[in-house]
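What follows is each chain in one-letter form.
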Amino acid sequence: MTLTPTRPSPATSPVLPHARFGAAPAVLTDGVEVSHAELARRVADRAAAWGPARRLVLVEGANRLDSLVAYLAALQHGHVALVVPDAREAQLEAMVAAYDPDVVCTTDAPDDVRRDATAHDLHPDLALLLSTSGTTGSPKLVRLSRDNVASNAAAIADYLDLTPTDRAITTLPLHYCYGLSVLHSHLMAGASVVLTGLSVVDECFWDLFARSGATSFAGVPHTFDLLAASGFEERDLPTLRQVTQAGGRLDPDAVRRWSRFGRGHGWDLVVMYGATEATARMAWLPPGLAEDHPAAIGRAIPGGHLRLDQEADDRPGVGELVYSGPNVMLGYAQAPADLALGAQTAELRTGDLARCVDGLFEVVGRRNRYGKVFGLRIDLDAVEQTLRATVDRHARVVATDRAVHVFVTHGRGSAAARGLVTSHCGVPAHAVRVTVLDPLPVTATGKPDYLALGELAELADGAPDDTREAASVRADFVLVLGRPDATDDDSFVDLGGDSLSYVELATRLADLFPGGLPAGWHTRGIGELEHLRTTATTVDAPARRRRTVRLDTTVGLRALAILFVVASHVDLVPLEGGAHLLLALAGFNFARFQLSAAGDARTRLRHGLSGLAQLVVPSVLWVGGVALVLGSYDLTTALFVRELVNGSEWDDQWQLWFLESLVWITAAALAITCVPALHRLERRTPFRFALAVLAVAAAARFVEVGLRAGPTQRYTTLVVAFFFVLGWVAARATSTRRRLLVTAVAAALTVGFFGQAHREVIVLGGFLLMLWVPHVPLPSWLARAAGVLAGASLFVYLTHWQVYPALEDAGHQWLALVASITVGIAYGRVVRPLHQAVGRTILRSR
């Protein structure tokens, strides 16, 4: 049936009160500033192009001006807007098939006006349709009225104290009710919005934030993980006034920390609570209460009311949270016929269990079967029904804060299950975990035991996914770092990786990325790396069959350096200089790992101490054991204080000069960069800071020995420190111009230092390879061998002094070389659990 209902006037319930704010900016995007009056004109023109009849208008909710104008044209001019995610063809087609919209507005395409009048019976109050479950693809929609939208926008503008001078930058998509609420409330207050699709981890986002003078942004819990990992706390944002948080529970410790940090930097953290069924917001926590009540969602928004239905739970003071107010939805729609329905509910039963303490509500659990992952509310029953119909008739689905967990009774459908959940829920593939479990747990009455499955899901969040291929990014991280608690957001740096574990992990990952590891892989999350690996494999399927891989140059140099050290010590070939090259490599890795850890000086200190302890503890164990059993080392060597008490003549106590120098130089570098003022300075100007440290180290060398170091002086900490800092500077030289400068400085400092050309060629040549050539192509077997040797370089250096002398004296130089390497690798394997445990313990300390 074709109807031509009367279209309400835009003035009946305005969301865009342009008459009062005509010339003031409303939207900034792509270098264009659009005033409220100009936006109103564009909106009116867009609506006029659809004709006079009231229609159902499907709009892709992209963070783009064209999408925003189409949405406001439908909302403001009496049509019904059905907002769907952008760039998701399958979901768009599903909604078109399910609801047969009269007009379809997609990005980069003209509006598709499919008929002269509407094909639907649209209730006069109906204004907006949003998915009830975020982006599950479910045809179940929330029906919202203009009064719902306007009242919620006004309430948000009220408690956030928005004025025309406020300007929010978009961090959430407009198809998400939280993202829409930011738009509604700011336009209602005559404020403005900066439209962008950039992420908070993009430097361009913060450049735009500064240029546009943005005063606020919104975030779901995952946003705050990204902020912490991307150096947000070091940014200077003088215009920032407010950060809002919703879309799921933020850990109370995080609430307290971010609130305290914001208060110290001139902005407020506003924790909020809501649902699509309430248009957006139901509760808010005044910023001044966040530190004392970090677990609370706060109080009802202006015009709303919260109560507890204590019949829903047996615990005293706990009940289902029930909300009432003018923003409560009209009801749900599951088919086009439902669009004719009016209001069917006066209050919203949230499904959350809560309690009220000191007038503030706190959510303590869930009653129904919805989950929230990455800020997306997911109808777990709908997903489960789809899986049971297409993949495994026994499939069960639960969700944690980190992932959607699918439990199936056989592995044949694992890949299909992951793909289906990814496409239906809109969550990234690394946030979907599939577990084979037969039989699935049931309660005493034979019903699915979701409590037991939830406990299994929580455990699985901290362990490798058994249904993945044996060779996976996550499995390699867990194996090498000994961190089964690692999440998909954690990077190598976040997990406290050191130079030794870097070598082994880089070698293992090289097999998964035959085309070369992604740039800066050590700072990327596990989930992102898994996604990049999957994408690369899809694009280049033959890559797995290649016989060569691109090995990290530092790994190859480390293997060569330790080989040169041992080969020269057993008098096989005169290739001295490997230990000094290892110092430069250590400085390079210090900058890459310890100085790259996100967070404040305290966080950097924990990461630095973790790496230092992983160097010291295995070394002290070996040296102490040798001292007790063989008596060849004394206490000063075991405690790395030989230089402080021994003379300048070479003896056995000097054998471990490299380790002693590395320990003290690393400790000094860590101490310098953890002083809060210097920490901030290093964050702001990392290359210049490293150059300044190099100038000091070089000056110390020249004061101590001049141009050329003597036979023993070349092994003393103060004299060789500049090699470590050279590596540090190299890691911070991110442009060709800077690398040219570092090349010149390295040549000036190295040539003439030893007075032996072959040493200087080895050290300078290796350094320049590290500086200019990030990867080298090698046969896969050779790359793996180099990785094993490089990963054991510390232990080979440590142990070879006790292995080779007897064999060398007997004239078996080659056997001495092989035995030294074999024993070092074996010792590394033996102490690996201790090596990992030490790092974990320090990282988890507070």
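Anything mentioned here points back to the structure above.
All values derive from a computational prediction rather than experimental measurement.

Q: For the sheet that holds strand S15 (residues 299-300), give the residues involved together with the corresponding values.
A: Spatially, the nine strands line up as an open sheet ordered S2-S1-S10-S9-S11-S12-S13-S14-S15, and their pairing is mixed. Each of the sheet's edge strands pairs with one partner strand only, and the pair in question is strand S2 (32-35) and S15. Of the strand pairs in this sheet, strand S9 (residues 167-169) and strand S10 (residues 192-194) are connected by three bridges, and their pairing is parallel. Opposite Ala168, over in S10, you have Val193 as the bridge partner. Contacting strand S13 (268-274) and strand S14 (281-285), helix H4 (residues 146-159) runs over the sheet at an angle of about 5° to S14.

Q: Now, about a nonpolar patch on the surface: what can you tell me, with residues and values included?
A: A grouping of Ile672, Val675, Leu678 and Leu681 is seen on the molecular surface, where their side chains present a nonpolar patch of about 260 Å² in accessible area. Looking at where Val675 falls in the secondary structure, it is placed in the loop between helix H20 (657-674) and helix H21 (676-684).

Q: Kindly report on the pairing of strand S11 (residues 216-219), identifying the contributing residues and their values.
A: Here S11 shows a buried face lined by Ser216 and Ala218 and a second buried face lined by Phe217 and Gly219. Alignment of S9 against S11, held across two bridges, turns out to be parallel. What sits directly across from Ile169, in S11, is Phe217. Of the strand pairs in this sheet, S11 and strand S12 (residues 242-245) are connected by four bridges, and their pairing is parallel.

Q: Hey, could you go over the pattern of salt bridges for me, with residue numbers and the actual values?
A: Tallied over the full model, the rule gives 23 salt bridges. Between Asp100 and Arg115 there is a salt bridge, with the nearest N and O atoms lying 2.9 Å from each other. One end of the pair, Asp100, is in the loop between helix H3 (89-99) and strand S5 (103-105); the other, Arg115, is in the loop between strand S6 (112-113) and strand S7 (126-131), with 15 residues separating them in the sequence. According to the relative accessible area criterion, Asp100 is partly exposed, its value standing at 27%.

Q: Tell me about the environment of Thr666, and name the residues and values.
A: In this fold, Thr666 is placed in helix H20. Residue Thr666 is classed as buried on the basis of its relative accessible area, which comes to 11%. Once residues within four sequence positions are removed from consideration, Thr666 is found in contact with Phe590, Leu612 and Phe724.

Q: Report on the pairing of S12, specifying residues and quantitative values.
A: Side-chain alternation along S12 places Gln242 and Thr244 on one buried face and Val243 and Gln245 on a second face that is also buried. After leaving S11, the chain enters helix H7 (residues 221-229) and then returns to the sheet as S12, a path that is right-handed. Examined bridge by bridge, S12 and S13 share four bridges and lie parallel to one another. Paired with Gln245 across the bridge in S13 is Val271. Regarding the hand of the β-α-β motif, the stretch spanning S12, helix H8 (residues 252-264) and S13 is right-handed.

Q: With reference to specific residues and values, describe the sheet that holds strand S8 (residues 141-145).
A: Here seven strands make up an open sheet; going across it, the order is S6-S5-S3-S4-S7-S8-S18 and the pairing mixed. Each end of this open sheet is capped by a strand with a single partner; those strands are S6 and strand S18 (331-333). Of the strand pairs in this sheet, strand S4 (residues 80-84) and S7 are connected by two bridges, and their pairing is parallel. Looking at the pairing, Leu82 lines up with Leu129 of S7. The strands touched by H3 within the sheet are strand S3 (56-60), S4, S5, S8 and S18, with S3 carrying the most contacts at an inclination of about 175°. Its contacts with the sheet put H4 on S7 and S8, and the angle it makes with S8 is roughly 75°.

Q: For the nonpolar core, give the residues involved together with the corresponding values.
A: Of all hydrophobic cores here, the largest spans 110 residues; its most connected members are Phe477, Trp521 and Trp728. Take this core: its biggest share by element is 11 residues, from helix H23 (residues 717-732). Not counting residues within four places of it along the chain, the set of residues in contact with Trp728 comprises Gly587, Phe588, Phe590, Ala591, Leu595, Ala669, Thr673, Phe689, Ala690 and Val693. Membership of the second largest hydrophobic core comes to 69 residues, among which are Tyr71, Leu128, Leu130 and Leu174.

Q: Describe helix H27 (residues 793-809), and please don't skip the residues or the numbers.
A: With 17 residues, H27 extends 24 Å between its outermost C-alpha atoms, agreeing within 8% with the 24 Å of an ideal straight helix rising 1.5 Å per residue. A bend of about 55° at His800 is the largest found in H27. Counted residue by residue, H27 has 12 buried out of 17 residues, so it is predominantly covered. Three or more residues of H27 are buried, namely Ser793, Leu794, Phe795, Val796, Tyr797, Leu798, Thr799, His800, Trp801, Val803, Tyr804 and Glu808.

Thresholds, definitions, all that
- The numbering scheme is per chain: residues are counted from 1 as the chain's sequence reads.
- Confidence filtering applies because this is a predicted model: local features only for residues at pLDDT of at least 70, side-chain atom pairs given and counted only at 80 or more, and all residues used for totals across whole chains, interfaces and linings.
- With hydrogens and water set aside, each side-chain value is computed from the structure's full complement of heavy atoms.
- A pair of strands is labelled paired if DSSP reports no fewer than 2 bridges between them.
- Only DSSP runs of H or I covering at least 4 residues are called helices, and only runs of E covering at least 2 are called strands; the numbering of each starts at the N terminus.
- We call two residues in contact when some of their heavy atoms are within 4.5 Å.
- For helices, the fitted axis covers only the stretch in contact; all axes are lines through C-alpha atoms, and the angles between them, taken along N-to-C directions, range from 0 to 180 degrees.
- Residues enter patches when they are more than 30% accessible in relative terms and free of salt bridges; like-charged ones are connected within 9 Å and nonpolar ones (Val, Leu, Ile, Met, Phe, Trp, Tyr) within 5 Å.
- Here the accessible surface of atoms and residues is derived via Shrake-Rupley with a 1.4 Å probe, and residues count as covered only by protein chains that are part of the display.
- Salt bridge, as applied in this entry: a Lys or Arg side-chain nitrogen positioned within 4 Å of an Asp or Glu carboxyl oxygen.
- Each residue's exposure class comes from its accessible area (1.4 Å probe, protein chains only) as a fraction of the maximum for that residue type: buried when under 20%, exposed when over 50%, partly exposed otherwise.
- With its strands directed away from the observer, a crossover is right-handed exactly when the path from the first strand over the helix to the second travels clockwise.
- By convention a nonpolar core is built from buried Ala, Val, Leu, Ile, Met, Phe, Trp, Tyr and Cys residues, the set being connected through side-chain atoms within 4.5 Å.
- For a helix, the expected span equals 1.5 Å multiplied by the residue count minus one.
- What is called the bend at a residue is the angle between a pair of axes, fitted to the seven residues leading up to and ending at it and to the seven starting from it.

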